[in-house]
Amino acid sequence: MSGLQLLWFILIAVLFSGFFFLEGFDFGVGMAVQSLTHNENEKDQIVATIGPVWDGNEVWLITAGGALFASYPFWYATLFSGYYLILFTILAGLIIRGVSFEFRKSVPTNQKQLWNWTLSIGSLIVPFFFGVMFISMIQGMPIDAHGDMSATFSDYINLFSIVGGVAVTLLSYLHGLNYIALKTTGPIRDRAKNYAKFLYGILYLGLVAFAVLMYFKTDFFELHFATTLGLLILIVVLTVVANVAVMRDAEITTFIASGTTFVALVALIFTGMFPRVMISSISSKYDLLITNSSSSPYTLKIMSYTAIAFLPLVLAYIAWTYYIFRKRVKHEPVLETK
């Protein structure tokens, strides 16, 4: 395994980590539009918290997909062909979510309800099916010697993948609630904290179920016992930190802890798969490995130079965007009509 192959395996993990950290709270805010708010003013208030950044956050996913295509074309081919329907569902969720932002701004108030629902539904679909995809992937899929996947419904949708989908959805929702508490004023801020305090209790149960199923359904503990156990402990610790922080109204700490939980989860998946990129349930000799799935050394070298040149600029632009829109979105009270 070359250093460049390992570098791009790590960089793809970093890109997915950035996507879930940043876009995760976008999904949570989207779900909260229908579940947290009491009136249209509150819906507008929380949507305004992500209005300037949601589309920029999705660039992390596009970049991750592009990097995967360029650096690991065989991984990309097997993943995207084998998970075609799930990825199509994710794309549909992203589309209806994206158009909802635009249409709900353009229609009269009495017609916003439809687009509020599509925003919430799209925001739920995407993290759930990402969870299903990644968790079914680490269980192993029926991949043959040619890298072709011939999966059935139960390979995609099973107890472990559903628990994974629910866990990613719940993490996104909590991350969104923590972001709302950090970025708003008024009743919606207090309500977001109260919802989070309740849901962290449910998340603990989900983490226990996830850890137990990972032990029985994957080979992570067998192959990478120390890192798997360490990262699971880290996920629990970060959850406790976020829970304690929300109890103490430490909003920045809560938000950082919930976002870092996603980073630890992505690290758990990628370190558990290493040195594989796709796991075959037919035979381990059909696993796609880092060494046999990557592009040529020349391609990886050119990509590395490009990343070194442009990545600092992209990160600086993202930091500048969040700095410009750092202020809280104020609560606009509903005027009572006589």
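Structure's up top.
The model shown is predicted, which means the values in this text are computed figures rather than measured ones. (Residues numbered from 1 in each chain as written. Predicted model: local features only at pLDDT ≥ 70, side-chain atom pairs only at ≥ 80, totals over all residues. Heavy atoms only, no water.)

S.K.: An account of the overall build of the protein chain is needed here, citing residue identities and associated values.
M.R.: On a plain count of helices and strands, the protein chain comes out with 14 helices and 2 strands. A globule of 338 residues ought to have a C-alpha radius of gyration of about 20 Å, and the protein chain, at 21 Å, matches this closely. Reported as C-alpha extents along the three principal axes, the dimensions of the protein chain are approximately 75 × 40 × 35 Å. Partitioning the intrachain contacts of the protein chain with sequence separation of at least 6 by distance along the chain shows that 79% fall at a separation of at least 24. (Helix = DSSP H or I, 4+ residues; strand = E, 2+ residues; numbered from the N terminus. Rg over C-alpha atoms; globule rule 2.2 N^0.38 Å. Contact = heavy atoms within 4.5 Å.)

S.K.: So what's going on with the environment of P127? Which residues, and what values?
M.R.: With respect to the helices, strands and loops of the structure, P127 is situated in helix 6 (residues 112–139). Those residues in contact with P127 that sit more than four places away from it in its chain are F27, M31, G165, V168, T169 and S172.

S.K.: Go over unusual backbone geometry with me, naming the residues and quoting the values.
M.R.: Each neighbour pair has its own omega, and for F274 with P275 the value is 0°, a cis peptide bond. Within the fold, P275 resides in the loop between helix 12 (251–273) and strand 1 (276–278).

S.K.: Please set out the nonpolar core residue by residue, giving values where relevant.
M.R.: In a soluble, globular protein the nonpolar side chains are often hidden away together inside. Core analysis: the biggest nonpolar cluster contains 96 residues, and W75 and Y83 have the highest contact counts within it. Counting residues per element, this core draws most heavily on helix 1 (residues 3–35), at 16 residues. Dropping the residues within four chain positions of it, W75 is found in contact with F9, I12, L68, F270, M273, V277, M278, L288 and S293. (Core = buried A, V, L, I, M, F, W, Y, C linked by side-chain atoms within 4.5 Å. Buried < 20%, exposed > 50% of the residue type's maximum accessible area, 1.4 Å probe, protein only.)

S.K.: If you had to explain the side chain of S136 to someone new, which residues and values would you point to?
M.R.: Note that S136 resides in helix 6. A distance of 2.9 Å separates polar atoms of two side chains, one belonging to S136 and the other to Y83. Beyond its immediate sequence surroundings of up to four residues, S136 is in contact with Y83, M141, D155, Y156 and S161. (Polar contact = N/O pair within 3.5 Å; in protein donor to acceptor, adjacent residues only side chain to side chain.)

S.K.: Quick one: what's the story with the packing of helix 1 against helix 3 (residues 54–71), residue by residue and with numbers?
M.R.: It is the contact of helix 1 with helix 3, at a shortest axis distance of 8 Å, that shows an interaxial angle of 160°. Between helix 1 and helix 3, the interaxial angle falls into the category roughly antiparallel. Crossing of helix 1 over helix 3 shows left-handed handedness. Contacts from W8, I12, V14, L15, F16, G18, F19, L22, E23, F25 and D26 of helix 1 reach helix 3 at W54, N57, E58, W60, L61, T63, A64, A67, L68 and S71. Along the lines of polarity and charge, the residues of the contact of helix 1 with helix 3 split into 14 nonpolar, 4 polar and 3 charged. (Axes fitted to C-alpha atoms, helices over the stretch in contact; angles between N-to-C directions. Parallel < 35°, antiparallel > 145°, perpendicular 65-115°, else oblique. Left-handed = near helix turned anticlockwise from the far one by under 90°. Nonpolar A, V, L, I, M, F, W, Y, C, P; charged D, E, K, R; others polar.)

S.K.: Tell me about the packing of aromatic side chains, and please be specific about residues and values.
M.R.: Summed over all chains, the structure comprises 30 aromatic pairs. Both rings, one in F20 and one in F134, keep their centres 6.3 Å apart while their planes meet at 70°; by these two values the pair is edge-to-face. In this pair, F20 is assigned in helix 1 and F134 in helix 6, connecting sequence segments 114 residues apart. According to the relative accessible area criterion, F20 is buried, its value standing at 6%. Given the relative accessible area of 9%, F134 is considered buried. Centre to centre, the rings of Y84 and F88 are 6.5 Å apart; their planes meet at 20°, and the pair counts as stacked. Taken together, the residues span about one helical turn, with Y84 and F88 both in helix 5 (residues 84–106) at a distance of 4 residues. Among the aromatic side chains, those forming a connected cluster through ring pairs are F9, F16, F19, F20, F27, Y72, W75, F130, F134, F262, F270 and F274. Here R326 stacks its cationic end above the ring of Y323, 4.0 Å away from the centre of that ring. (Phe/Tyr/Trp six-rings, centres within 6.5 Å; stacked < 30°, edge-to-face > 60°. Lys NZ or Arg CZ within 6 Å of the ring centre and 35° of its normal.)

S.K.: Give me the lowdown on the environment of F25, citing residues and values where you can.
M.R.: Mapped onto the elements, F25 comes out in helix 1. The class of F25 is buried, set by a relative accessible area of 0%. C-alpha separation for the pair F25 and S106, spaced 81 residues apart in sequence, amounts to 24 Å. Apart from the residues within four sequence positions on either side, F25 is in contact with I50, V53, N57, S172, H175, G176, Y179, F255 and Y322.

S.K.: A description of helix 6 should follow, citing residues and the corresponding values.
M.R.: Under the 1.5 Å per step criterion, the end-to-end length of helix 6 is 41 Å for 28 residues, consistent within 8% with the ideal 40 Å. Of all 28 residues that make up helix 6, 20 are buried, and the element is covered over most of its length. A positive phi of about 105° marks G140, the residue just after helix 6. (Expected span 1.5 Å × (residues − 1).)

S.K.: Now, about the pattern of salt bridges: what can you tell me, with residues and values included?
M.R.: Applying the stated criterion across every chain, the model contains 12 salt bridges. Put simply, R97 and E23 hold a salt bridge, and the shortest N to O gap is 3.1 Å. Of the two residues, R97 sits in helix 5 while E23 sits in helix 1, which places them 74 residues apart along the sequence. For the pair formed by R97 and E23, the shared burial category is buried. Close ionic contact of R191 with E42 constitutes a salt bridge, the shortest N to O distance being 2.8 Å. Residue R191 is found in helix 9 (residues 187–217), and its partner E42 is found in helix 2 (residues 40–50); the two are separated by 149 residues along the sequence. The same class applies to R191 and to E42, which are both buried. One connected set of salt bridges, linked through shared partners, spans R189, K193, D249, E251 and R328. (Salt bridge = Lys/Arg side-chain N within 4 Å of Asp/Glu carboxyl O.)

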